[in-house]
Amino acid sequence: MFASDDRNNLPGETLAYYCAERARGGAALVEVSLAMVTPGGGNTSTDVDSQFDPLCVGHPMALSGRWPIRGFDPKVVEGYSRLAKAVHAHGGKCFVEIQSVGTNQANFSGVSKFPWPTHPIHTLPFTSRELDKSEIEQEIEAYGVAAKFAKEGGLDGIDLHGSHGTLICEFLSGAMNKRKDEYGGSIENRARFVEQVIKRVREFTKNEIAVAMRLDGDERFVGGNTPEVAAEIAKRLDGSIDMVTVDQGISPQQEDWQATPMYVESGYNLRLSSPVKSALTKTKMGVVGKYLDPVYAESLLSSGLADMVAMTRALIADPELPNKAMDGRLEDIRPCIGVLQDCWGRMIRGLPISCTVNPVVSREKDWGMSVDYKPVEKPKKILVIGAGVAGLELARVASSRGHRVVVYEKSKEPGGQALLAARLPGRENIRAIVNWLLVQIKKLHVEVKYGLEVTSEEDVVSYVLQEEKPDVVVIATGSYPIRTGFQPYTFNEVSGWNQKNVFTDFDAFDSSLDLGKKVIIGDTLSFIEAPGIAEYLAKKGKEVHIVTPLDNIGLELNLLNHWDHLLPRVFAADVQIHPFTWIKNIGDRAVTLYNFYYHEKETLMEDVDSVIFTTGKLQNDSLYSAFKGKVPELYLIGDAKIGGARIGNAIYDGQKIGREI
Ligand SMILES: Cc1cc2nc3c(=O)[nH]c(=O)nc-3n(C[C@H](O)[C@H](O)[C@H](O)COP(=O)(O)OP(=O)(O)OC[C@H]3O[C@@H](n4cnc5c(N)ncnc54)[C@H](O)[C@@H]3O)c2cc1C
Ligand SMILES: Cc1cc2nc3c(=O)[nH]c(=O)nc-3n(C[C@H](O)[C@H](O)[C@H](O)COP(=O)(O)O)c2cc1C
Ligand code: SF4
C-alpha cells in the first residue's frame, strides 16, 4: 500500500512505477491506498495555504497532507489506467482502497465541513455534527461512483476502508456511533451503512471487479469494538464482500497501531483476525501486520489462518521479496528494520515515501529493476574508508556494477553506529540491515580489511595510496558525538562539560566506563538516543533522568508511531523526564538545572554520578582534505558528509555514489 505520490492528488507516474516494481518482484496483488470518495477536508486540497491553519499545530494527522487520491474526480480514471497497465504488465492484480474521511481526518477549517455519523464526536481539534439521511445517501452514492471510476480505469478491485476512523469505521463503531435511528445502536444497525455501500458499489461496478474491506478489529476505546464484535460484523458481511483484512488504529488517537515500529511482534493483528476468520464461510481472509518472513507468512496460509498475507513495509524494503522467497534466496531479502522514518515518516510530512534501507523507493523509474545497476565498461579500483552502512552500501552497489572494491575499517567489526542503534532495547533488528549488507558484499567478493585506521598524516595517506592504488577513494568515516553539550537552543557549551563524569551516547555502551548509579541525560535531539539509552541504563539498575529544553522527549518519534510502544517502556523503567529544563553547570557530584523559560528557577540535583549528552554529532571528514588532489576521484558520504544524519541518508549516499562512479 502506498499513499498518492502526486501533488495534484491523482495517481501519478511515480506511483505506477512503484507498483509495477512490486508486481515485477512477484506480488500477486498490489493495492494502492487512500482514494477519497468525497473531497474530504484539507486532505485532498491542493491549496497550500490550508496547510498553515493554526488548528493544525500539534496534531500530527492535521499536519500530514497525505496527498490522497481524488477518487471522486473523473480525471482519476486516466491515472488508474496507467497504474493498472503497469501492474498487469507484470502479471499482478491491482486494487485501490477507497474511503470517505471520518471525523478524525485532518480538517483545516475549525468546525468540520463534514457531517459525521453521530453527534457529538469531539475529536482533535473540532466537534462534528450528525449526518442527516440525505447526506448518508450522498455518501453511499459517492462510494458507488468512486468504485465505478476504479473499474473504468481497469483496476481489478476496490478495498473499502473500514478501519483507522474512516466513515465506515465510525458507523460500525461501538464507541463513536451514538445515533438513535436505524444506523445506530445494535450491530445490525451500525452495519447498515456499510451494507448499503457494498450494495451500491456492486451495482455501480456491475459485479465485475472485486470488493474487499478493511475492518477495525480492536478499537482500543472503552465501549469500542472488540475482536468478537468485529467477528459478528464480518459474519453479517460474509459473502457480500470478496475479502476482508483486519487491523486497528483509529486516527489520530491510535495512529501508532496502524503501522507499528520494531517493538511490536510479527503478526500483531492475528489476535484480531483469527476470530473474524472463524466467522467467515465465503469471504476470503487477508492478514496484515508486520509479516517480514515469507516462511512464517507461508505457514499462515498452509495452517488456514489466512487466505492471503499482505505485506506493506516488507515490500517497500524489498519489492523482490516474493520472487526471492520462491527461489529460496531468503538471505538476499533486504529486511525492513521497522524504524518508520522514511516510509511513514515522509508520508506524514506530505512527502512521497521512500525507505531507510531501500532508497530506490519512489525512484523506481531511474533506479528500479528495469534500469538496475549499469554495468561499467572500465572497472575501477575503489577504496572505501569506513565500514558503516554508508560504506557497505557503496561497496555493494559499486561492486555489483563491476568495480573492484576494498574497504578499510578501523574497528574489528563492520556496521559503525548502526551497531549502537541496535543496542538500544527493542531495536536489535536494526542490525539486520548490516548483516544483509555483509552477506551481499561477501557474495560480490568485496574485501573488508579490519583493524586498519587511516589517519590524515601525509605518510599514512601516501602509504595507503601506494598499497591500494585506487582510482577512487570514498570517505565514509561517519561522525563523532558532541561532548560539550553544545546545541542550537543556547548556542553554548555547558559549563563543566570537560570533567571526567561527562559522557556521550557512544560511551553509554562502553562497559569499560563507569557511569555510576545516578545519571542525567541532556537531550536536544528528541529522537531515539535519549529514551533508548535511558531505558538501557535504567534496566541496568541506574537512576536515570532526562532533561530537555523541549516539551517532551522523542518528539520526532511521535510522527513515527513510536510513543504508544516506546513510552510505556521508558516509564516502566522508571526514567524521570524533566521537560523545559537545561543544564547550567556540571559540578563534581552536583548538577545545576534551570527552567528553560524562567531562568531564575534553578534546581540543584545532588549525588549525580555522570552526565551524558545527546546533543548532536560532527562529521568525521578530515580524511577528505587529506586525500584531496591525491587521487583521481574522491567522495564523502553518509555521516562523514553530514554529522548527525541517519541510516537512510547514509544508505542513500552509498547507493547514489555507488551508481555514479
Ligand atoms: C545510539 C544511536 C542510535 C541511533 N539510532 C538511529 C535510528 O534509530 N535510526 C537512524 O536512522 N539512525 C540512527 N542513528 C544514526 C545512524 O546510526 C547513523 O546516522 C548511521 O549509521 C551513519 O552511518 P555511516 O556509515 O555514515 O557512519 P558510521 O556508522 O559512523 O560508520 C563509520 C565507520 O567508519 C569507521 N571509521 C571511522 N574513521 C575511520 C578511519 N579513520 N579509518 C578506518 N575506519 C574508520 C568507523 O569505525 C565506522 O565503522 C543512531 C546513532 C546512535 C549513536
Ligand atoms: C507509508 C504507509 C502508508 C500507509 N497507508 C495506509 C492507508 O492509506 N490505508 C491503510 O489502510 N493502511 C495504510 N498503511 C498501513 C498498512 O496498510 C499496514 O496495515 C501496516 O503497515 C502494517 O503492515 P506491514 O507491517 O506489512 O507494514 C500504511 C502503512 C505505511 C507504512
Ligand atoms: S522506512 Fe523503515 S519501516 Fe519503512 S519500510 Fe523502510 S525499513 Fe521498513
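Residues numbered from 1 in each chain as written. Chains lettered and ligands numbered in written order. Predicted model: local features only at pLDDT ≥ 70, side-chain atom pairs only at ≥ 80, totals over all residues.

### Structural notes on the overall build of the chain
Assigned secondary structure in the chain consists of 23 helices and 24 strands. Taking 2.2 N^0.38 as the reference for a compact globule, 661 residues should give roughly 26 Å; the C-alpha atoms of the chain span a radius of gyration of 27 Å, in line with that estimate. Each of the 661 residues in the chain was classed as buried or not, and the buried ones make up 54%. For the chain, the proportion of contacts with a sequence separation of at least 24, taken over those separated by at least 6, is 73%. (Helix = DSSP H or I, 4+ residues; strand = E, 2+ residues; numbered from the N terminus. Rg over C-alpha atoms; globule rule 2.2 N^0.38 Å. Buried ≥ 20, exposed ≤ 12 C-beta atoms within 10 Å, placed from the backbone. Contact = placed C-beta atoms within 7 Å.)

### Section: the site of ligand 3
Around ligand 3, a shell composed of 14 residues is seen, among which R313, I316, C336, C343 and C355 lie nearest. The class makeup of the residues in the shell around ligand 3 is nine nonpolar, three polar and two charged. (Near = placed C-beta within 6 Å. Nonpolar A, V, L, I, M, F, W, Y, C, P; charged D, E, K, R; others polar.)

### Remarks on the confidence of the model for the chain
The predicted model of the chain has a mean per-residue pLDDT of 91, with 90% of residues at 70 or higher. Every residue in residues 41–65 scores below 50 in pLDDT, and together they form 56 contacts with partners more than four places removed in sequence or on other chains. (pLDDT = per-residue confidence, 0-100.)

### A closer look at the pairing of strand β8 (residues 284–288)
Counting buried positions over the five residues of β8 gives four, a clear majority of the element. Here strand β7 (residues 243–248) pairs with β8 via three bridges, running parallel. Following the sheet pairing, T245 is matched in β8 by G286. Regarding the hand of the β-α-β motif, the stretch spanning β7, helix α9 (residues 270–279) and β8 is right-handed. As paired strands, β8 and strand β9 (residues 308–310) are joined by three bridges and run parallel to one another. Residue G286 lies in a different strand from β9, and its bridge partner there is M308. For the crossover from β8 across helix α10 (residues 294–302) to β9, the handedness is right-handed. (Pairing = 2+ DSSP bridges. Right-handed = clockwise from strand over helix to strand, strands pointing away.)

### What about the site of ligand 2?
Among the 23 residues in the neighbourhood of ligand 2, the closest are listed as S33, A259, K290, T312 and R313. At the level of elements, β1 (29–36), α11 (313–317) and α13 (344–347) are the ones that each hand at least two residues to the shell around ligand 2. Class assignment for the residues of the shell around ligand 2 results in twelve nonpolar, six polar and five charged.

### Topic: the sheet that holds strand β19 (residues 581–586)
One open sheet holds the three strands; their spatial order is β19-β20-β21, and the pairing between them is antiparallel. The sheet is open, and its two borders are formed by β19 and β21 (598–605), each paired with just one other strand. Averaged over all pairs of adjacent strands, the angle between their axes in this sheet comes to 30 degrees, without regard to strand direction. Summarising the sheet, β19 and strand β20 (residues 591–595) pair through five bridges and their orientation is antiparallel. Bridge pairing in β20 links W582 to Y594. (Axes fitted to C-alpha atoms, helices over the stretch in contact; angles between N-to-C directions.)

### Details of the domain arrangement of the chain
Reports often express the size of an interface as the amount of accessible area lost when the parts come together. Parsing the chain into structural domains produces domain 1 (13–367), domain 2 (381–480 + 619–660) and domain 3 (502–615). The interface is formed by 15 residues belonging to domain 1 together with nine residues belonging to domain 3. Residues of the side of domain 1 that touches domain 3, tallied by class, amount to nine nonpolar, four polar and two charged. (Domains from an automatic or database assignment.)

### What to know about the sheet that holds strand β22 (residues 610–614)
Pairing is parallel in the open sheet, where five strands are placed in the order β15-β22-β16-β17-β18. Both edges of this open sheet fall to β15 (502–504) and β18 (576–578), since each of them pairs with a single strand only. Within this sheet the neighbouring strands show an average axis-to-axis angle of 25 degrees, counted without direction. Note: strand β16 (residues 518–523) against strand β17 (residues 543–547), five bridges, orientation parallel.

### Regarding unusual backbone geometry
Although it is not a glycine, F491 adopts a positive phi angle of roughly 55 degrees. Inspection of the secondary structure puts F491 in the loop between β14 (479–481) and β15. Classification of F491 as exposed rests on a count of 7 C-beta atoms within 10 Å. A positive phi angle, close to 55 degrees, is found at S526, a residue other than glycine. Inspection of the secondary structure assignment puts S526 in the loop between β16 and α19 (529–538). Since 20 C-beta atoms lie within 10 Å of it, S526 is described here as buried.

### Thoughts on the nonpolar core
In terms of nonpolar packing, the biggest core is built from 184 residues, with C19 and V474 touching the most fellow members. With eight residues, helix α4 (residues 133–152) is the largest single contributor of residues to this core. Filtering out sequence-adjacent residues up to four positions away, V474 remains in contact with I382, V384, I385, G391, L394, Y635, I637 and I657. (Core = buried A, V, L, I, M, F, W, Y, C linked by C-beta atoms within 7 Å.)

### What to know about the packing of α4 against helix α7 (residues 192–204)
Between α4 and α7, whose axes approach to 8 Å, the crossing angle comes to 40 degrees. The orientation of α4 with respect to α7, classified from their angle, is oblique. Considering only the axes of α4 and α7, their crossing is right-handed. Taking contact as the criterion, the partners of I136, I140, E141, Y143, G144, V145, A147 and K148 in α4 are, on α7, F193, Q196, V197, R200, V201, E203 and F204. Each residue belonging to the contact of α4 with α7 can be placed in one class, and the counts come to nine nonpolar, two polar and four charged. (Parallel < 35°, antiparallel > 145°, perpendicular 65-115°, else oblique. Left-handed = near helix turned anticlockwise from the far one by under 90°.)

### A word on the environment of K235
Mapped onto the elements, K235 comes out in helix α8 (residues 227–237). On the basis of neighbour counts, which here come to 16 C-beta atoms within 10 Å, the residue K235 falls in the partly exposed class. Considered as a pair, K235 and K277 are 42 residues apart in the sequence and their alpha carbons are 9.3 Å apart.

### Quick notes on the environment of E364
Checked against the element boundaries, E364 lands in helix α14 (residues 364–367). We classify E364 as buried; it has 23 C-beta atoms within 10 Å. Here the alpha-carbon distance between E364 and G71, two residues 293 residues apart in the chain, equals 24 Å. Discounting chain neighbours no more than four positions away, the residues touching E364 are Y17, Y18 and E21.

### Here we look at helix α23 (residues 647–660)
Helix length check: α23, at 14 residues, gives a terminal C-alpha distance of 20 Å against a target of 20 Å (1.5 Å per residue), a fit within 8%. α23 sits mainly inside the fold: eleven of its 14 residues count as buried. Buried within α23 are the following residues: I647, G648, N649, A650, I651, Y652, D653, G654, Q655, I657 and G658. The secondary structure elements touched by the buried residues of α23 are α15 (389–400), α16 (417–421), β13 (472–475) and β24 (633–636). (Expected span 1.5 Å × (residues − 1).)

### Side note on the packing of helix α1 (residues 13–24) against helix α3 (residues 76–88)
Relative orientation of the contacting elements α1 and α3 amounts to 25 degrees, with a least axis distance of 8 Å. Judged by the angle between their axes, α1 and α3 are roughly parallel. In the crossing of α1 with α3, the sense of the turn from one axis to the other is right-handed. Across the interface between the two elements, L15, A16, Y17, C19, A20 and A23 from α1 touch R82, L83, A86 and V87 from α3. Among the residues forming the contact of α1 with α3, the class breakdown is nine nonpolar, no polar and one charged.

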